[in-house]
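Spelled out, the chains give:
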Amino acid sequence: MIHSIQSAAFKLTLWYLGIILILSSLFSLALYRESAGQLNATASRQRNAISRLALPDIFEPRRTEFLQNLDDQLDADLRGLELRLIILNLATLLLGGAAAYVLARRTLRPIQDSMEAQGRFTADASHELRTPLTAMRAEIEVALRQKQLGATDAKELLASNLEEIAKLEALSSSLLRLARENHLDPATITKVPVREIFEEAAARYKAAIKGRKIKLAITAGSETIAGDQAGLIELVAILLDNAIKYSPEASTVALVSEVAAHTVKISVTDEGAGIPAADLPHIFDRFYRADRSRTKGEHIEGYGLGLSIAKRLVDMHHGTIAVESTLGKGTAFRVKLPTDYVAKKSLLPQGTQ
C-alpha cells in the first residue's frame, strides 16, 4: 500500500511538474519576445540616429564602429536575457518540483488515510470474527476426542456454540450496518417525540437497569425530531447501553433533552469512572475500546462498534456528537440534532472515507 501511494505521488508530481513546465515555458517565451522586441526597437532607434548624423568623411570609420558596437551589445543583451530565463526556468522547476510533491502528497493523504483505515478495519474485523470461531472449533475438537460424549455434555457444547453464534450474528449485523447504511430513506422520516425515543430505548435495558440497581432519570418535554424513528431509538439505546455498562451499581444515568435554535440537544450522562483524555479522540473509532481504564478489570461484552454506529446515525441525521468525561466522576455524551431534516448528498461508506 505504501509503495502504491508513493508511486501515485510520484506520478502526480510529474503531472504537476509538466503543467508547471508548460506554463513556465509559455511565460518565458512571451517575456523573451516582449523583451527582445524592446531591445531591438531601442537598438534600431539608436542605429537610425547614428546613421542620420552628418559627419565628415574622416569620422565614417567611427560611425561604422558605433553601429557594430550596437549590434554586439544587442547580441550580448539577448544572450543575457536567454541565460536569465533559463536560470529562472531551472529555479522554477526545482521549487515547483518540491511544491508539486508536497501538493501531491497532500492530495493523496485522504486516499492514504482511507486505505489505512480500511486495512485496520479488515484486520480488526478478521480478528473479531476469528475469536468466536476459534472458541467453537476448540470446544468441538475437545468433544470429538471424548470416546463417550454424554447428552449433558453435548447440550452444554451446543449451548456454548449457540452463544458464540449469537456473538457472530451481532458482530456481522453491526459490520453490515456500518458498511451499508449511509443515508436516510425519505419514506422513513417522521416527527418523533424525544420522550418516546427515550422511553423506547430505556425499555430495551429494563432488566439491566434493575439488575444493577441503577436509577434512570429522564428529562424531556414535548420536543420532536424529524428523522428515522428506529434509527433515533437505536442511537439513544447505544448511548444508554454504554452508560449502563460502565456505571457502578446504585448510581444514576440521566437522559436529558432540550431545544435551542431549531436544534434538539440530547445528553446521556453516567456516574462511572470516566474516560482518560488519551482515549477520548478514539472512542468513535471502530473496534476501539478503553475497558481497562473504565472497568477496573471487569470484562465488558462487546466489540467496540456501538459508538461507531451511533456516530454514523448522528451523521445520517446531520447532527453532531461529542463526549465530555472526568475521571472518577462520569461521562456525558452530547448529541445535537436538527428539529427539521433536510436531505443532503449521501455520505460515503465509512470504510471508504
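First things first, this report covers the structure right here in the doc. Starting afresh in each chain, residues are numbered from 1 along the sequence in its written order. Since the coordinates come from a predicted model, pLDDT governs what is reported: local features require at least 70, and pairs of side-chain atoms require 80 or more to be given and counted, while whole-chain, interface and lining totals use all residues. To get the side-chain values, all heavy atoms of the structure are used, and hydrogens and water are removed first.

1. Some points on the environment of Ser160
Defined as follows: Segments assigned H or I by DSSP are reported as helices when at least four residues long, segments assigned E as strands when at least two residues long, and all are numbered from the N terminus. By the criterion applied in these results, polar contacts are pairs of N or O atoms within 3.5 Å in which, for protein atoms, one can donate a hydrogen and the other can accept it, and in which residues neighboring in sequence qualify only through two side-chain atoms.
Here Ser160 is to be found in helix α3 (residues 151-180). Taking the C-alpha atoms as reference, Ser160 lies 9.2 Å from Ala135; in sequence the two are 25 residues apart. For Ser160, the side chain forms a polar contact with the side chain of Glu139, separated by 2.6 Å.

2. Quick look at the sheet that holds strand β4 (residues 252-259)
Worth spelling out the cut-off: Think of it this way: DSSP has to see at least two bridges between two strands before they count as a pair. Convention adopted: a line fitted to C-alpha atoms gives each axis, helices being fitted over their contacting stretch, and angles between N-to-C directions are expressed from 0 to 180 degrees.
Taken together, the 5 strands give an open sheet; going across it, the order is β2-β4-β5-β7-β6, and neighbouring strands pair in mixed fashion. If you trace the sheet from one side to the other, it starts and ends with β2 (215-219) and β6 (320-326), each paired once. With direction set aside, neighbouring strand axes in the sheet form an average angle of 10°. Across 6 bridges, the pairing between β4 and strand β5 (residues 263-269) is antiparallel. For Val256, the partnering residue across the bridge sits in β5 and is Ser267.

3. Overview of the packing of aromatic side chains
This is how the line gets drawn: Pairing of aromatic rings covers Phe, Tyr and Trp, the last counted by its six-membered ring, and requires centre-to-centre distances within 6.5 Å; plane angles under 30 degrees mean stacked, over 60 mean edge-to-face, and any other angle means tilted. Buried, partly exposed and exposed residues are distinguished by accessible area as a fraction of the type maximum, computed with a 1.4 Å probe on protein chains only: under 20%, between the cut-offs, and over 50%, respectively.
For the structure shown, the criterion picks out 1 aromatic pair. Ring geometry for Phe284 versus Phe333: centroids 6.3 Å apart, planes at 75°, classification edge-to-face. Here the residue Phe284 occupies a position in the loop between β5 and α7 (291-295), and Phe333 occupies one in strand β7 (residues 330-338), the gap between them amounting to 49 residues. By relative accessible area, Phe333 is classed as buried at 2%.

4. Observations regarding the nonpolar core
Side chains of nonpolar character tend, in soluble globular proteins, to be buried together. Condition: Think of a nonpolar core as a cluster: buried Ala, Val, Leu, Ile, Met, Phe, Trp, Tyr and Cys residues, connected wherever their side-chain atoms sit within 4.5 Å.
Among the nonpolar cores identified, the biggest contains 43 residues, and Leu235, Leu239, Phe333, Val335 and Leu337 are the most heavily contacted of them. If you list the elements that add at least two residues to this core, you get α4 (194-204), β3 (224-228), α6 (229-245), β4, β5, α8 (306-316), β6 and β7. Here the element with the most residues in this core is α6; it accounts for 10 residues.

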